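Residues per chain are reported as follows:
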Amino acid sequence: MSQKTIAIISTLKPVNDIRSYEKMARSLASKSTHSITLIGSDSQNYKEDKEEKNIHFQPLPKFDRLGIKRFFIPCIILKKLIKLKPELIIVNTPELLIVSTINQILFGGKIVYDLQENHYKNLIHQHNYPPVIKHIIGYLIRLKEVLLSPFVDYFILAEKGYVKELGFIKKRFTIVENKTIVKNKIERPKEVKRKMQFLFTGNISENSGVFTAIDFYRKIHNCIPETKLVIIGHSPSHAFLKKLKTSTDINIELIASTTPVSHSKIVEQIASSDFGIVSYNVNPSNENCMPTKVFEYLAYGLPIISQSGTIWTEYASGFNACVSVDFKQFGESEIAGQLVKFHKSFTYKNIPEVRWETEENKFVNLINALLNPQ
């Protein structure tokens, strides 16, 4: 198989994003001779990965999420693509569909749209923008996706639920879930620790339910004083992070910043925790989605505390690794008793279904088939 050039491009995700780099790029590099270039926002720790075979990083200039400089980022990426001339582009940001299409018209090549979110639903059902603005942006993004979909050769869906939600994908899709790469085996202590640790990871925002997690923890802490909550992750909003800091206390440790937190630090916290809290504010934008942290917690043997009635609670319960809670209304002493009992009886389970290995060959075979059609 001849070597091809592949570009994986994004605006906001870091150049060494876990899905783009550790899962997609490294899988392709290990199973083919293709040259993969990752273009994304600058990351503090990407340099340590620079020597990887056939993988190249091109970080973007620093810019603010809502700043003027962001409007020029697609032009910078287009310039990079014109120089690179990739045979295939994997794009995961809707604002870069135009850039990818221009490159395709000029030089040919294939476009794969990696849909990790239903961007339209996320915008209109979450509270990141004022009501009128978010609807206008949402409709414009969906119009762009529909109009440019004929130029997209194939769609990758990170969620099974998107099959019904996204009509413009037709039958040109493969589901590649965002399952977990387990780098190191975690040996959990057999004896119950004196201080129970709860964990909240990932994107830290109103929509991800961080305040729901804090409220839940405080009620449980009243029943089980020897407990601790660790919140670790990325919060892009300075104002929100400032608000969050005022909500923490001596029993809540906050490890968060406006730049992505090293994933290795998150894994360290998973290894030293007893329960992961999954407390998303359930709405039409996420009700059919499986949170990546659910796969990650289960892969590392961390049971979850999760909202009853959700698909992720049902999924984790199938492995007997979940305590189901109605975060809006629950009996503190009853749930605290369940947690203590669960904590004493839970043992680590090897769950192959939650690992990236189940998706890897599917993804690599798809890319090879697009690059080398029979």
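Bear in mind that the values here come from a model prediction, so they are computed numbers and not experimental data.

A.B. asks: Would you mind showing me how to read the nonpolar core here?
C.D. replies: Burial of nonpolar side chains together is a common tendency in soluble globular proteins. One finds Phe198, Val210, Phe216, Ile220, Ile305 and Leu339 to be the most contacted residues of the largest nonpolar core, which totals 54 residues. With seven residues, helix 7 (residues 210-223) is the largest single contributor of residues to this core. Excluding anything up to four places from it in sequence, Ile305 contacts Phe198, Phe216, Phe275, Gly276, Ile277, Val278, Val323, Val325, Phe327 and Leu339. Ile39, Ile111, Phe155 and Tyr162 belong to the second-largest nonpolar core, a separate cluster that totals 26 residues.

A.B. asks: Is there a simple way to think about the pattern of salt bridges in this case?
C.D. replies: Side-chain pairing between opposite charges can occur once the charged atoms of the two side chains come close. What the rule picks out here adds up to 11 salt bridges. For Glu145, the salt bridge identified is with Arg142, shortest N-O distance 3.0 Å. Of this pair, Glu145 and Arg142 both sit in helix 5 (residues 131-148), three residues apart, roughly one helical turn. Relative accessible area serves as the criterion here: at 2%, Glu145 is assigned to the buried category. For Lys179, the salt bridge goes to Glu177, with nearest N and O atoms at 3.7 Å. By relative accessible area, which is 10% here, Glu177 ends up buried. Beyond isolated ion pairs, a larger network of salt bridges with shared partners links Glu177, Lys179, Glu359 and Lys362.

A.B. asks: I tried to follow a nonpolar patch on the surface on my own but got confused; where do I start?
C.D. replies: Nonpolar side chains collect at one region of the surface, where Ile82, Ile98, Ile102, Leu106 and Phe107 lie side by side and expose about 400 Å² of accessible area between them. Looking at the nonpolar patch element by element, the count peaks at four residues for helix 3 (residues 97-107). Note that Ile98 resides in helix 3.

A.B. asks: Sorry if this is basic, but what is going on with unusual backbone geometry here?
C.D. replies: Excluding glycine, residues mostly carry a negative phi; peptide bonds, for their part, are mostly trans. Phi at Asn54 takes a positive value of approximately 65°, unusual for a residue other than glycine. Mapping Asn54 onto the fold places it in the loop between strand 2 (35-41) and strand 3 (55-59). Within the chain, Lys85 stands out as a residue other than glycine whose phi angle is a positive 50°. Counting through the fold element by element, Lys85 comes out in the loop between helix 2 (73-84) and strand 4 (88-91).

A.B. asks: Got a minute to help me understand the pairing of strand 5 (residues 110-115) in this structure?
C.D. replies: Along any regular strand, the residues point their side chains to alternate faces of the sheet. Within strand 5, five of the six residues are buried, which leaves the element mostly enclosed by the surrounding structure. Of the pairings in the sheet, the one linking strand 4 to strand 5 comprises four bridges and is parallel in character. For Ile90, the partnering residue across the bridge sits in strand 5 and is Val112. Note on the crossover from strand 4 through helix 3 to strand 5: the handedness is right-handed.

A.B. asks: What's the story with the packing of helix 1 (residues 18-31) against helix 13 (residues 357-371) in this structure? I'm lost.
C.D. replies: Between helix 1 and helix 13, the least distance of the axes is 10 Å, while the angle of their chain directions is 70°. Judged by the inter-axis angle, helix 1 sits roughly perpendicular to helix 13. For the pair formed by helix 1 and helix 13, the contact residues are Met24, Ser27, Leu28, Ser30 and Lys31 on the first element and Glu360, Asn361, Phe363, Val364 and Ile367 on the second. Of the residues belonging to the contact of helix 1 with helix 13, the class tally is five nonpolar, three polar and two charged.

A.B. asks: Any chance you could explain the sheet that holds strand 2 here in plain terms?
C.D. replies: Backbone hydrogen bonds hold the strands of a sheet together, and the pairing may be parallel or antiparallel. Read across the sheet, seven strands follow the order 3-2-1-4-5-6-7 without closing on themselves; strand pairing throughout is parallel. Single-partner strands in this sheet number two, and they are strand 3 and strand 7 (173-175). Direction aside, the axes of adjacent strands within the sheet are offset by 20° on average. Packed on one face of the sheet, helix 1 meets strand 1 (5-14), strand 2, strand 3, strand 4, strand 5 and strand 6 (154-157) and runs near 175° to strand 2. Lying over the sheet, helix 3 contacts strand 1, strand 4 and strand 5, oriented at roughly 165° with respect to strand 5.

Cut-offs applied
- Residues numbered from 1 in each chain as written.
- Predicted model: local features only at pLDDT ≥ 70, side-chain atom pairs only at ≥ 80, totals over all residues.
- Heavy atoms only, no water.
- Core = buried A, V, L, I, M, F, W, Y, C linked by side-chain atoms within 4.5 Å.
- Buried < 20%, exposed > 50% of the residue type's maximum accessible area, 1.4 Å probe, protein only.
- Helix = DSSP H or I, 4+ residues; strand = E, 2+ residues; numbered from the N terminus.
- Contact = heavy atoms within 4.5 Å.
- Salt bridge = Lys/Arg side-chain N within 4 Å of Asp/Glu carboxyl O.
- Patch = residues over 30% accessible without salt bridge, like charges linked within 9 Å, V, L, I, M, F, W, Y side chains within 5 Å.
- Areas by Shrake-Rupley, 256 points an atom, 1.4 Å probe, with all protein chains shown as cover.
- Pairing = 2+ DSSP bridges.
- Right-handed = clockwise from strand over helix to strand, strands pointing away.
- Axes fitted to C-alpha atoms, helices over the stretch in contact; angles between N-to-C directions.
- Parallel < 35°, antiparallel > 145°, perpendicular 65-115°, else oblique.
- Nonpolar A, V, L, I, M, F, W, Y, C, P; charged D, E, K, R; others polar.

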